[in-house]
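Here are the chains, one letter per residue:
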Amino acid sequence: MLTMPLPDQSVLARRAEIVRALRAIVPGEGVIDAADELRAYESDGLTAYRMPPMVAVLPENTAQVVQVMRYCQSLGIKVVPRGAGTSLSGGALPLEDGVLLGLGKFKRILEIDYDNRCAVVQPGVTNLAISHAVHERGFYYAPDPSSQIACTIGGNVAENSGGVHCLKYGLTTNNVIGLELVTIDGEVLRLGGKHFDAGGYDLLGVMVGSEGLLGVVTEVTVRILPRPPGARAVLLGFPTIEGAGDCVAGIIAAGIIPGGMEMMDRPATAAAEAFVHAGYPLDAEAVLIVELDGCEAEVDHLIASVEQLAARHGASSARVSQSDEERLLFWAGRKAAFPAVGRISPDYYCMDGTIPRKRIGEVLARMRQMQDTYGLRVANVFHAGDGNLHPLILYDANQPGELDRAEAFGSDILRLCVEVGGVLTGEHGVGVEKRDLMGTMFTEVDLDQQQRLKCAFDPQGLLNPGKVFPLLHRCAELGRVHVHAGQTRFPDLPRF
C-alpha cells in the first residue's frame, strides 16, 4: 500500500486564507479551489493513486512563480510542481495539504537560435512542438518519448526522459544546455546557457532528473540538431526473444550505433499491428526495429551490416523501408504500442527499468516465468539499444486482488533489473512508484547523501515531499547520520 506524508492540519485549517492570498498573486482564473475542478489534477499517468490537491495555482510568468514559492515557504506549505501530468511514476501526485503548481501556461517558444543550434522554451511547451518549430530549417529536437505529442519539456527535464532516438543522440540531460529555475525561497537561478558547457559544479546535471524536488523550472535551453541527410529502418522478426536480444548486443558490439533500436515481443507486436497496420511479422516472437541514419552511402553500408548480423542471430524475416513514409510507419506502431495494448486489456501497469544489453534474453525469460507465478500476462516494449525495458503488466482493476498482484509483479521485475546489474528507472523517474524500492539499489549512506543535496535546496522539505526517498529525514539531523535521524511517517494513500 502506497503511503504519503501526513497532512498538516494547521495548513488545512487556513485553506480559505491561502486561496485568497494565491488569488492576489495569480488573479483571474489562475487559482482553482472547487472540488469538482480539482479532480482534473488528482493523479498523473500513474492513475492507480489519486489525491486531490488542497488548491491548484496556474501562474503565467516567472514573477508569479517567485511570489507563490515565497508565500508557501513562509508558511511551510508544500508545493507539487506539475507539467502535462503524463508522468508514469506518480511524480506529480498531489498532496491534500499542498499547493499544486501547474506550469501549463508556460507554453511559449521564446527564441530559436540557429547559429548556436539551440532553442529557448518555456517548460509547458510540448516535446514535439520544438521539432515542429524548427522543421522548415532542417532541424529537430532529438529526445522523443512516446508521449511526445503531449508531454512537456519541463516534465522531460524533471524525469530525464528518453525516447527511441536517444541511443545515438542522448537523453534529455544530453540535450539541455541551460535552465532557469525558482527555488523554494523564491530565488531565481540561471544554470548554463547557449554555450557548450557551464563552468563550476555541474548543477545542470543535478537538476535534470531531480523530479521536482529541488526547484521549479521556468525556462529551458535545448540543443537542436540538423536532421540527418538520410534515414532508413530495418524491420526484423525473430523466432525467439533470446535471438533478438543477442542481435541487439551484436549490433552494438560491431561498433554500429543506430539512430534508434527498439524491440517488441509477440503480444505487443500483435496489439500494435492491429492498431496501426504497420506490416509487422505476426509469427515472430520478437520484432526489432533498427534505424540507420547518415549520408546515403553510409546508410546503405550499415543496413547491409545489420542484415548480416540479424541473419547470423537467426532472424526469420527482414524488411528495409523503401520510403520515408514506410520508415515512419514502422515507428508509428512502436510509438502507439502503449495505447494499442490498452485495446487488449482493461488496464495495464507500465514499468520502467534498465538492464545491461547482454542480459535482455535472460531477463525476458525470467519475466515469462513470473507470469505463471502471478497469473498475469506481460507485453514487452522497450528501448533495446540502451536496455531500457517497459514491461506492460496486463490486469483488470475490477477483479479483486489483480492490481495488488500487478504491483507485486512490477516490483519483482525491478528487483530483477537491479540483480542483473541494472537500475530501477531509465526515464520514468522514481516518483512514488519506485520510492520504496530505492533500498534495493542504494545503501542507507547513499540515500542520506542524496537527501543532503535535497536539503541544500529545500531545507524544510516542502518541494514534492513523499517522492523518491523511502523515508523523509529532517534536514537538521542529516548531519548526524545513524544517530536517531528523525523520520516523517507516511499514512496510507487511497488507491483506485
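My aim in this report is to walk through the structure given alongside it, one point at a time. (Residues numbered from 1 in each chain as written. Predicted model: local features only at pLDDT ≥ 70, side-chain atom pairs only at ≥ 80, totals over all residues. Heavy atoms only, no water.)

### Description of the overall build of the chain
Condition: Only DSSP runs of H or I reaching four residues or more are called helices, and only runs of E reaching two or more are called strands; each is numbered from the N terminus. The reference for a compact globule is 2.2 Å times residues^0.38; the radius of gyration itself is calculated from the C-alpha atoms. Partly exposed residues are those whose accessible area sits between 20% and 50% of the maximum for their type, while under 20% is buried and over 50% is exposed, using a 1.4 Å probe and protein chains only.
Each helix and strand in the chain was counted, giving 17 helices and 21 strands. Taken against the 2.2 N^0.38 rule, which gives 23 Å for 496 residues, the C-alpha radius of gyration of the chain at 23 Å falls within 12% of a compact globule. In terms of overall dimensions, the chain has a C-alpha envelope of 65 × 55 × 45 Å along the principal axes. With 496 residues in all, the chain has 55% of them scored as buried.

### Observations regarding the state of the cysteines
Cut-off, in case you're wondering: Note on terminology: disulfide denotes any pair of cysteine sulfur atoms within 2.5 Å.
Under the criterion given, the structure shown has 1 disulfide. A disulfide bridge connects C455 with C475, and the sulfur atoms are separated by 2.0 Å. A torsion of -85 degrees about the S-S bond marks the disulfide between C455 and C475 as left-handed. Linking C455 in helix α17 (residues 444-457) with C475 in the loop between β20 (472-473) and β21 (487-488), this pair joins segments that are 20 residues apart in sequence. C455 gets classed as buried once you look at its relative accessible area, which sits at 14%. For C475, a relative accessible area of 22% corresponds to the partly exposed category. Its sulfur unpaired, C118 is 19 Å from the next cysteine sulfur, which belongs to C166. According to the relative accessible area criterion, C118 is buried, its value standing at 0%.

### Section: the pattern of salt bridges
Pairs can form between side chains of opposite charge whenever their charged atoms are close. Put simply, the test is: Throughout this description, the term salt bridge denotes a Lys or Arg side-chain nitrogen within 4 Å of a carboxyl oxygen of Asp or Glu.
Taken as a whole and judged by the stated rule, the model has 24 salt bridges. With a closest N to O distance of 2.7 Å, R190 and E180 form a salt bridge. Of this pair, R190 sits in strand β9 (residues 188-192) while E180 sits in strand β8 (residues 176-182), placing them 10 residues apart in sequence. For E180, a relative accessible area of 10% puts it in the buried group. A salt bridge links D300 to R232; its shortest N-O distance comes to 2.6 Å. Placement of the pair is D300 in helix α11 (residues 296-312) and R232 in strand β12 (residues 230-238), with a sequence separation of 68 residues. Judged by relative accessible area, which is 35%, D300 ranks as partly exposed. For R232, a relative accessible area of 26% translates into the label partly exposed. Through salt bridges that share partners, E111, D113 and K194 make up one connected network.

### Overview of the side chain of E180
This is how it is decided: Polar contact is the term for a pair of N or O atoms within 3.5 Å; when the atoms are in protein, one must be able to donate a hydrogen and the other to accept it, and sequence-neighboring residues count only if both atoms are side-chain atoms. The criterion used for residue contact is that any of the two residues' heavy atoms lie within 4.5 Å.
A polar contact is formed between the side chain of E180 and the side chain of T218, at a distance of 2.6 Å. Look past the residues within four positions of E180 in its chain and what remains in contact with it is T62, V188, L189, R190, V216, V217, T218 and E219.

### Notes on the sheet that holds strand β10 (residues 216-223)
Applied cut-off: Paired strands, as defined in this entry, are two strands with at least two bridges between them according to DSSP. Each axis is a line fitted through C-alpha atoms, taken for helices only over the stretch in contact, and angles between the N-to-C directions span 0 to 180 degrees.
With antiparallel pairing, 5 strands are arranged side by side in an open sheet as β5-β6-β10-β8-β9. The open sheet is flanked by β5 (109-113) and β9, the only strands paired with a single partner. Mean inter-strand twist for the sheet, computed between neighbouring axes without regard to direction, equals 10 degrees. Of the strand pairs in this sheet, β5 and strand β6 (residues 118-121) are connected by 4 bridges, and their pairing is antiparallel. Paired with E111 across the strands is V120, a residue of β6. In the packing of helix α4 (residues 62-75) onto the sheet, the strands contacted are β8, β9 and β10, and the crossing angle to β8 comes to about 50 degrees. Against the sheet, helix α5 (residues 127-134) makes contact with β5, β6 and β10, and its axis sits at roughly 45 degrees relative to β5, the strand it touches most.

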